[in-house]
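Letter by letter, the chains look like this.
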Amino acid sequence: MTVEVKVEETKVAEVVVVPQEEPEKVVVVEERKNDVNGDVEVKEVDAADNDGPKTVQKSSSYKEESNFLSDLKEFERKALSDLKLKLEEAILGNSLFKKEGAKKKEKEVEKPVEEEKEKENETKEGEESGEQEGEKKEDVKPQGDNVKEKTVLECEEEKSEVVIEEKGEEIDRDISIWGVPLFPSKGSEGTDVVLLKFLRARDFKVNDALEMLKKTLQWRKESSIDSLLDEEIGVDLSSAFYMNGIDREGHPVCYNIYGVFENEELYAKAFGDEEKRKQFLRWRFQLMEKGIQKLDLRPGGIASLLQISDLKNSPSPSKKELRTAMSKAVTLLQDNYPEFVAKNIFINVPFWYYAFNALLSPFLAQRTKSKFVVVRPAKTTETLLKYVQAEEIPVQYGGFKRENDFEFSSEDGEVSELVIKAGSTETIEIPAAEVGATLLWDLTVVGWEVNYKEEFVPSDEASYTIIIQKGKKMSSNEEPTRNTFRNNEPGKVVLTIQNWSSKKKRVLYRYKTKKNASY
C-alpha cells in the first residue's frame, strides 16, 4: 500500500499577511495608513486552489530571528553596540531608575535660589529709588548684600551636599532581568539576547529601546515582579492559563482558555472588582515569568513562547470587566515582555472577534500584530498541526496529548500520516505476530466525517475475524480515538477508514506493542 501524505487547503486569518508556503484563503486585518483614528480594515483574499503540500507546512516567518552577532545586519550590530554603551553609562551613573529622593532634594535647592533672586530684585528696586532718596539707598544696599551673600553660600552648601550624596551612592553592577546580567562589561552571553529584544521592539532605535528598558525595570521594581515566582496569589486560574508542551521549533506553548470564564463564579473571582482584577494581572504575569524560566536566553537558544488563545464559549467583549482587564494585560505584556511571543494563535474564533480586534488593534505595535494567526473552529486542528506536532497537541484540539498519560513516549516513534482521497477507502495494519501481546493505538482524522471500524484479522484463515469496534460514522467534532487489543493468536489489527465525502481527509495515527511477560 502506498502511503501518501498531503495537507488540504487551510483557511487562516492573520492580522498581517506573512509569507506562506501554500496559497490560502485568509482574512486580513490591515491598518488604514491615512486614518488618524487607527481604525482597521478587514478584507478577504482568495488564493488559487491546489492540492496542497506533501508534508506538514509551517509558517516561513515562524523561525526566530538570529541573536548571533555574525547574523545581524551592520546597522543592527551598531545599534546593539550603542545601546550597550548607553546602558553601561546609565548603570555607572545611577540613572537607570528614578530617584525620588534626589528630585525632592533638587526642589529644596531651587527654593533658596529663587528667594535669593527675589531679594536681589528688591535690592535693584531699592537702588533705583535710592537715586531720589540717597539715605534709603545707603540702608538697603548693605542689607541686600548680606542677604545675597548668605543665601548664595547656603545654596552652594546644599548643592555640594547633593553632589556628595550622589557620588556617595553605591553603583549596582549586578542589575539583571530574567536572570540575565545587564551590565555589558560582565560579558554575559545572554545580555545581547535581551537587549536585542528591546531593540527589535523599537525598530532598532537606540534611545527608544533604552527608554523602554528603563520603564520595564522601573515597572518590575515598583510591582515586585522579581518575587512573583514565589508569590502565593489568592486566585487559582490554572484552568484558564497554563503551559503545556512545546511546538515544532521547541518553543514552550502557553494556552489561554477564555471559555472557562463563562462560569459566573470563576468570572467573579477573576474580574469581580478592582482588587480581583489586580490579582488576575499578577497571576497572568506570574505565568509569563514561569514560561520565561523555560527559555534559553543565549544566542542560538529558544528565547520565545508560542501562545494559543482559545476563544470558544468565551464571554463577549460587552463584559466591561473582562475587556478592561484584558486590555490592560495586553498592554503591559507588550510593553514589558518584548519579543517573547513567537506566534499568537487564536483558535475557535467567534464572529465578534473581528470587531473586538478592530478596537484593540490601535493599541498594538505592528510587529506584535504581525505575529497573530486567527483561526475559525473548522480549521483549528489543521492549523495547529502547522506549528505543533500531533503528539504535543491536547486531544480536545485534535492531537494525541492526554493529561497524565504515559503510554507513549518519544522512543515509540513519531506520528504517521495518511491522506485518503475523496470517495475512497484506506486501511492501516498493525502487526500482531507475537501471541499474548497488547497492541495500543491512537488515531484521528482531521475534520472526521468518515466511517471508521477496527478488526483483528488472524493469520490462520480458518480462524474468525474479531470485531474490536463496529463500523460507525464519525462526526466532525470527534476527538482522537484510542483503543487496545490483546491477541491470543498471530494476526494483525486492521483500522479501516471510508471517506465518502467530496474532500480529501488527513489521517494521523501511531501504535505500539507491549509484550506480555507471562508468554
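See above for the structure.
As a starting point, this report considers the structure included with it. Remember, predicted model here, so these are calculated numbers, not experimental data. (Residues numbered from 1 in each chain as written. Predicted model: local features only at pLDDT ≥ 70, side-chain atom pairs only at ≥ 80, totals over all residues. Heavy atoms only, no water.)

### Some thoughts on the side chain of Ser314
Considering the arrangement of structural elements, one finds Ser314 in the loop between strand S8 (305–310) and helix H8 (320–336). The class of Ser314 is buried, set by a relative accessible area of 12%. (Helix = DSSP H or I, 4+ residues; strand = E, 2+ residues; numbered from the N terminus. Buried < 20%, exposed > 50% of the residue type's maximum accessible area, 1.4 Å probe, protein only.)

### Points about the environment of Ser410
The topology assignment puts Ser410 in the loop between helix H11 (380–387) and strand S11 (416–420). Judged by relative accessible area, which is 72%, Ser410 ranks as exposed. For the pair formed by Ser410 and Glu391, sequence separation is 19 residues and the distance between their alpha carbons is 9.1 Å.

### Focus on the sheet that holds strand S17 (residues 491–499)
Spatial strand order, S12-S17-S14-S15: four strands in an open sheet with antiparallel pairing. Of all the strands in the sheet, just strand S12 (424–432) and strand S15 (466–474) have a single pairing partner and so form its edges. Recorded for the sheet is a direction-independent mean angle of 15° between the axes of neighbouring strands. Note that strand S14 (residues 450–458) and S15 share six bridges and pair antiparallel. Opposite Tyr452, over in S15, you have Lys472 as the bridge partner. (Pairing = 2+ DSSP bridges. Axes fitted to C-alpha atoms, helices over the stretch in contact; angles between N-to-C directions.)

### Observations regarding the nonpolar core
Among the nonpolar cores identified, the biggest contains 71 residues, and Phe261 and Tyr337 are the most heavily contacted of them. Discounting chain neighbours no more than four positions away, the residues touching Phe261 are Leu237, Ala240, Phe241, Leu266, Tyr267, Ala270, Phe271 and Pro315. (Core = buried A, V, L, I, M, F, W, Y, C linked by side-chain atoms within 4.5 Å. Contact = heavy atoms within 4.5 Å.)

### Some words on the pairing of S11
Most of S11 sits out of view: four of its five residues are buried. Where S11 meets strand S18 (residues 505–514), five bridges bridge the pair, whose relative direction is antiparallel. Counted as the bridge partner of Ser416 is Tyr509 from S18.

### Quick word on helix H1 (residues 74–92)
For H1, with 19 residues, the first-to-last C-alpha span of 27 Å sits near the 27 Å given by 1.5 Å per residue. In the core, the buried residues of H1 are packed alongside helix H4 (189–201) and helix H5 (206–222). Asn94 sits one or two positions beyond H1 and adopts a positive phi of about 50°. (Expected span 1.5 Å × (residues − 1).)

### Thoughts on the pattern of salt bridges
Under the counting rule described, the total for this entry stands at 22 salt bridges. Here Lys453 ties to Glu455 by a salt bridge, and the two come within 4.0 Å at their closest N and O atoms. (Salt bridge = Lys/Arg side-chain N within 4 Å of Asp/Glu carboxyl O.)

### Things to note about helix H7 (residues 274–293)
In an α-helix, one turn spans 3.6 residues, which is why side chains three or four residues apart end up on the same side. In this model H7 runs 29 Å from its N-terminal to its C-terminal C-alpha over 20 residues, within 8% of the 28 Å that 1.5 Å per residue would give. Every buried residue of H7 is listed here: Arg277, Phe280, Leu281, Trp283, Arg284, Phe285, Gln286, Leu287, Met288, Glu289, Gly291 and Ile292. The N-cap of H7, judged by a side-chain oxygen 3.1 Å from the amide nitrogen of Glu275 a few residues on, is Asp273. (Polar contact = N/O pair within 3.5 Å; in protein donor to acceptor, adjacent residues only side chain to side chain.)

### Brief notes about the sheet that holds strand S13 (residues 438–446)
With antiparallel pairing, four strands are arranged side by side in an open sheet as S11-S18-S13-S16. The sheet terminates laterally at S11 and strand S16 (481–486), the two strands that pair on one side only. Here the strands of the sheet are splayed against their neighbours by 25° on average, with no regard to which way each runs. Examined bridge by bridge, S13 and S16 share six bridges and lie antiparallel to one another. What sits directly across from Thr438, in S16, is Arg486.

Note that all results are geometric; they support no functional claim without further evidence.
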